[in-house]
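# Coordinate analysis (summary)
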Amino acid sequence: MTAADLPQIPDVDIDSDGVFKYVLIRVHAVPPSGAPAGESKEIVRGYKWAEYHADIYDKVSGEMQKKGYDCVCLGGGRISHQSRDKKIHVYGYSMGYGRAQHSVSTEKIKARYPDYEVTWADDGY
């Protein structure tokens, strides 16, 4: 895959309800040897099945590597997704990766869920 395929990767993939861990990941096409790093994008991934933030990152980065992309974890936190109330709250941090830039994650989530109230805070774990 190439940088031209980056738009095909969904910006946000999170579980539909509950409180769960999430990570903010920068994905970029692997440049040819010696070439400068190419285009990149940030993606948000959050799932209830993950016991650790690294579980999510390891799964997603493995999938991306199979498609010819490289990844870097920019941090993590938690998401509270209340689908019935159409509310999403992003907060907290990852012990292993540090705090994600929640403002970036929130903007991506707002674009994916335009009819939701999406908020964030640096408080909490």
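Definitions and cut-offs
Residues numbered from 1 in each chain as written. Predicted model: local features only at pLDDT ≥ 70, side-chain atom pairs only at ≥ 80, totals over all residues. Heavy atoms only, no water. Helix = DSSP H or I, 4+ residues; strand = E, 2+ residues; numbered from the N terminus. Buried < 20%, exposed > 50% of the residue type's maximum accessible area, 1.4 Å probe, protein only. Contact = heavy atoms within 4.5 Å. Phe/Tyr/Trp six-rings, centres within 6.5 Å; stacked < 30°, edge-to-face > 60°. Pairing = 2+ DSSP bridges. UniProt positions renumbered as here; feature names shortened; annotations may be inferred. Salt bridge = Lys/Arg side-chain N within 4 Å of Asp/Glu carboxyl O.

Mapped onto the elements, His 28 comes out in strand 2 (residues 18-29). Taking the relative accessible area as the measure of exposure, His 28 reaches 18% and is therefore buried. Those residues in contact with His 28 that lie beyond four places of it in its chain are Glu 39, Ser 40, Tyr 69 and Asp 70.

Glancing now at the packing of aromatic side chains. Evaluated as defined, the whole model comprises three aromatic pairs. A centroid spacing of 5.6 Å and a plane angle of 10 degrees characterise the contact between Tyr 47 and Trp 49, whose relative ring orientation is stacked. Judged by relative accessible area, Trp 49 falls into the partly exposed class, the value being 47%. Taking the centre distance of 5.7 Å and the plane angle of 65 degrees together, the rings of Tyr 57 and Tyr 97 count as edge-to-face.

Bringing the pairing of strand 2 into the picture now. The element strand 2 is extensively covered by neighbouring structure, given that nine of its twelve residues are classed as buried. The pairing of strand 2 with strand 4 (residues 69-82) spans twelve bridges and is antiparallel. Looking across to strand 4, one finds that Tyr 22 is bridged to Gly 77. Where strand 2 lies against strand 3 (residues 40-47), eight bridges are found, and the strand directions are antiparallel. The residue bridging Val 27 from the neighbouring strand is Lys 41, located in strand 3.

Attention now moves to the UniProt feature "active site" (unreviewed entry) in the protein. The UniProt entry lists His 53 under the feature "active site" (unreviewed entry), expressed in the numbering used here. Its location among the elements puts His 53 in helix 1 (residues 53-66). In this view, His 53 contacts Lys 21, Tyr 22, Val 23, Gly 76, Gly 77, Tyr 93, Ser 94 and Tyr 97; residues no more than four positions away in its chain are not counted.

Here the focus is the UniProt feature "binding site: substrate" (unreviewed entry) in the protein. In the UniProt entry, the feature "binding site: substrate" (unreviewed entry) is given for Lys 21. Within the secondary structure layout, Lys 21 lies in strand 2. Once residues within four sequence positions are removed from consideration, Lys 21 is found in contact with Arg 45, Gly 46, Tyr 47, Ala 50, Glu 51, Tyr 52, His 53, Ile 56, Gly 77 and Arg 78.

Attention now goes to the pattern of salt bridges. A side chain with one charge may pair with a side chain of the opposite charge, provided their charged atoms come close. One pass over the structure, following the stated rule, counts seven salt bridges. Residues Asp 11 and Lys 41 are paired through a salt bridge, measuring 2.7 Å at the closest nitrogen-oxygen approach. Remark: Lys 41 occurs in strand 3 and Asp 11 occurs in the segment before strand 1 (12-14); sequence separation between them is 30 residues. Note that Lys 59 is salt-bridged to Glu 63, the shortest N-O span being 2.6 Å. A residue pair is termed a helical-turn pair when its members lie 3 or 4 positions apart in one helix, as Lys 59 and Glu 63 do in helix 1 at four residues.

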